[in-house]
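Analysis of the macromolecular model
Residue strings, one per chain:
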Amino acid sequence: MAEKEVTFELATSESLPDVQGLTDLINRVYRVSEDGLWKDATFQRTCAEEVSDLIRKGEIVLARAGTSRVVLGCVQSRMLDEKPTTGSFGMLVVDPDQRNRGIGKRLIEEAEKLARSRGADTMQLELLHPKDWKQKNKARLAEWYPILGYLKAEELDFEELYPRLAPGLTSPCWFTVFSK
């Protein structure tokens, strides 16, 4: 599909009855983008129940092909409970067949706009990446986020933050926070 027009919208249960399809896209993209990070190659980033919950909370922005309305990507935009004027984006995915069209950048802009409408004056994101080796997709993102104005704010030890998930990693990882 090579439709040129892309539209962006807040997902609702009415506008996205196929939550499993979106969940599958998210997990498919994460499997590639986090290749080599997890011991279990079938690691799932999310599940349909979590995606449904995020949609109910008004946190998922969709990118859709103009006429066909096929979902091309998504991003989660939320406000941080511990920092009420800080928004955060995550779960940024674009269908691999739709890359290099500016959709990811536009999804981030839409996530920022949504967070600003909810009172954010700062945005942040977290990037999981290995401490001792470079994973190509994570390294590319670490270079791309500063181009979009996000600067490295802190590096946190993933194992300390998520002790339940850390044993599933192939090696120790950082959870780097970028802020704008």
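This write-up is about the structure you can find in this document.

Reading the values: rules and limits
- Residues numbered from 1 in each chain as written.
- Predicted model: local features only at pLDDT ≥ 70, side-chain atom pairs only at ≥ 80, totals over all residues.
- Heavy atoms only, no water.
- Core = buried A, V, L, I, M, F, W, Y, C linked by side-chain atoms within 4.5 Å.
- Buried < 20%, exposed > 50% of the residue type's maximum accessible area, 1.4 Å probe, protein only.
- Helix = DSSP H or I, 4+ residues; strand = E, 2+ residues; numbered from the N terminus.
- Salt bridge = Lys/Arg side-chain N within 4 Å of Asp/Glu carboxyl O.
- Axes fitted to C-alpha atoms, helices over the stretch in contact; angles between N-to-C directions.
- Parallel < 35°, antiparallel > 145°, perpendicular 65-115°, else oblique.
- Contact = heavy atoms within 4.5 Å.
- Nonpolar A, V, L, I, M, F, W, Y, C, P; charged D, E, K, R; others polar.

Some words on the nonpolar core
One finds F89, L107, Y145 and Y150 to be the most contacted residues of the largest nonpolar core, which totals 25 residues. Elements supplying a minimum of two residues to this core: β1 (6-10), β2 (60-65), β3 (71-80), β4 (83-94), α3 (103-117), β5 (122-130) and α4 (136-147). Considering each element in turn, this core owes the most residues, six residues, to α3. Membership of the second largest hydrophobic core comes to 17 residues, among which are L22, I26, L62 and C74.

Here's the deal with the pattern of salt bridges
Per the counting criterion, the structure on display carries 12 salt bridges. Two residues, E9 and R69, come together in a salt bridge whose shortest N-O distance is 2.9 Å. With E9 in strand β1 and R69 in the loop between β2 and β3, the pair connects residues that are 60 residues apart, well separated along the chain. Residue R69 is classed as partly exposed on the basis of its relative accessible area of 35%. Salt-bridge contacts for K180 lead to E112; the nearest nitrogen and oxygen are separated by 3.1 Å.

Digging into the packing of helix α1 (residues 19-33) against helix α2 (residues 48-56)
The interhelical angle for the contact between α1 and α2, taken along N-to-C directions, is 110°, at an axis separation of 9 Å. Between α1 and α2, the crossing angle belongs to the class labelled roughly perpendicular. Each of V19, Q20, L22, T23 and I26 in α1 lies in contact with α2, whose residues at this interface are A48, V51, S52 and I55. Split by residue class, the contact of α1 with α2 holds six nonpolar, three polar and no charged.

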